[in-house]
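So you can see what is in the structure, the chains are spelled out below.
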Amino acid sequence: LTHKRDEVILSPLDGRVKRGDVVLFCPAEGRYLLHRVCRVRHGQMVTVGDGNCWRDGAFSTATIVGRVTKIGRKGRWYACTDGWYRLRSRAWMALSPLRPLLLKCLRFVAARRGGRHD
């Protein structure tokens, strides 16, 4: 997601949080994060931002404010339940060991085009 370009629609967490969900949570007073859940165990979740190469610490699932259900990018909306979106997000999670190299390449290409990576 790119600041001031992309949008999300949040819904209350109905049921349990799952691996691959994108959630808005408040790990500390006044601090909010919108990250993807990469592990859930015993009421704790580990998250990672899609543009990050490292995983966050463990946070209580009680800190979740809502789950992302739709993403608006460049005027188009994508449902998080859409098969293509789920395939892309699973692939991105599976490629986490290669993220440093992949992100570096994406940023290099974007810089050559004069824009940001998507």
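Just above, that's the structure.
Rules behind the numbers
- One numbering rule holds for all chains: residues counted from 1, following each sequence as written.
- Reporting of local features is limited, given that this is a predicted model, to residues whose pLDDT is at least 70; pairs of side-chain atoms are given and counted only at 80 or more, and all residues count toward the totals for whole chains, interfaces and linings.
- The side-chain values count all of the structure's non-hydrogen atoms but skip hydrogen atoms and water molecules.
- A helix here means a DSSP run of H or I that spans at least four residues, while a strand means a run of E at least two residues long, and both kinds are numbered starting from the N terminus.
- Radius of gyration means the value over C-alpha atoms here, while the globule rule gives 2.2 Å times the residue count to the 0.38 power.
- Between buried and exposed lies partly exposed: a residue is buried under 20% and exposed over 50% of the maximum accessible area for its type, with that area taken using a 1.4 Å probe on protein chains only.
- For this analysis, residues touch if any pair of their heavy atoms sits within 4.5 Å.
- What makes a nonpolar core is a set of buried Ala, Val, Leu, Ile, Met, Phe, Trp, Tyr and Cys residues whose side-chain atoms join them at distances within 4.5 Å.
- Each pair of strands is called paired provided DSSP finds at least two bridges between the two strands.
- Geometry of aromatic contacts follows a simple scheme: Phe, Tyr and Trp rings, the Trp one being its six-membered ring, pair when their centres are within 6.5 Å, and the pair is stacked under 30 degrees between planes, edge-to-face over 60, tilted otherwise.
- Charge counting treats Lys and Arg as positive and Asp and Glu as negative, with His and both chain ends excluded.
- Any Lys or Arg side-chain nitrogen found within 4 Å of a carboxyl oxygen on Asp or Glu counts as a salt bridge.
- Counted as a polar contact is a pair of N or O atoms within 3.5 Å, where, for protein atoms, one must be capable of donating a hydrogen and the other of accepting one, and residues adjacent in sequence contribute only when both atoms are in side chains.
- Here the expected length of a helix is defined as 1.5 Å per residue gap, with one fewer gap than residues.
- Comment: arc refers to directions from the helix axis out to C-beta atoms.

Draft legend 1. The arrangement of the overall build of the protein chain in detail. Summing up its helical and strand segments, the protein chain has two helices and seven strands in all. Mapped from its N terminus to its C terminus, the protein chain presents α and β elements in the order β-β-β-β-β-β-β-α-α. Relative to the globule expectation of 13 Å for 118 residues, the C-alpha radius of gyration of the protein chain, 15 Å, shows essentially globular dimensions. Over its C-alpha atoms, taken along the principal directions, the protein chain stretches across nearly 45 × 30 × 30 Å. Expressed as a percentage of its 118 residues, the buried residues of the protein chain come to 31%. Nonlocal contacts in the protein chain, meaning residues at least 24 apart in sequence, comprise 45% of its contacts between residues at least 6 apart.

Draft legend 2. Expanded view of the nonpolar core. Val17, Val23, Phe25, Leu33, Val37, Met45, Phe59 and Ile64 form the largest nonpolar core, which has eight residues in total. Breaking this core down by element, the ones donating at least two residues are β2 (22-28) and β3 (31-41).

Draft legend 3. Representation of the pairing of strand β4 (residues 44-48) within the structure. Burial of β4 is extensive: four of the five residues sit out of reach of the surface. With five bridges connecting them, β3 and β4 associate as antiparallel partners. Looking across to β4, one finds that Arg39 is bridged to Val46. Adjacent in sequence and paired antiparallel, β3 and β4 are bridged by two residues, among which His42 carries a positive phi angle near 55°.

Draft legend 4. Summary view of the packing of aromatic side chains. Enumeration according to the criterion identifies one aromatic pair in this entry. Plain terms: the ring middles of Phe25 and Phe59 are 5.1 Å apart, the flat faces sit at 50° to each other, and that makes the pair tilted. Of the two residues, Phe25 sits in strand β2 while Phe59 sits in strand β5 (residues 58-60), which places them 34 residues apart along the sequence.

Draft legend 5. Representation of the side chain of Asp56 within the structure. Within the secondary structure, Asp56 sits in the loop between β4 and β5. Despite its burial, Asp56 pairs with no opposite charge; the closest candidate is Arg31, at 6.1 Å N-O. In this structure the side chain of Asp56 is engaged in a polar contact, spanning 2.6 Å, whose partner is the side chain of His35. Within the structure, Asp56 has its side chain in polar contact with the side chain of Thr47 (distance 2.6 Å). Setting aside anything within four residues of it in sequence, one finds Asp56 in contact with His35, Val46, Thr47, Val48 and Gly49.

Draft legend 6. Structural detail: helix α2 (residues 99-113). Counted at 1.5 Å a residue, the expected span for α2 with its 15 residues is 21 Å, and the 21 Å between its end C-alpha atoms agrees. Among the residues of α2, those classed as buried are Arg99, Leu103 and Ala110. On an axial view of α2, the arc spanned by its buried residues comes to 30°, and they lie on one face. Turned more than 90 degrees off the buried face of α2, the exposed positions are Leu101, Lys104, Phe108 and Arg112. Where α2 is buried, its residues contact β4 and α1 (83-94). Positioned one or two residues after α2, Gly114 has a phi angle of 85°, which is positive.

Everything listed is a geometric property; what it means functionally is a separate question.
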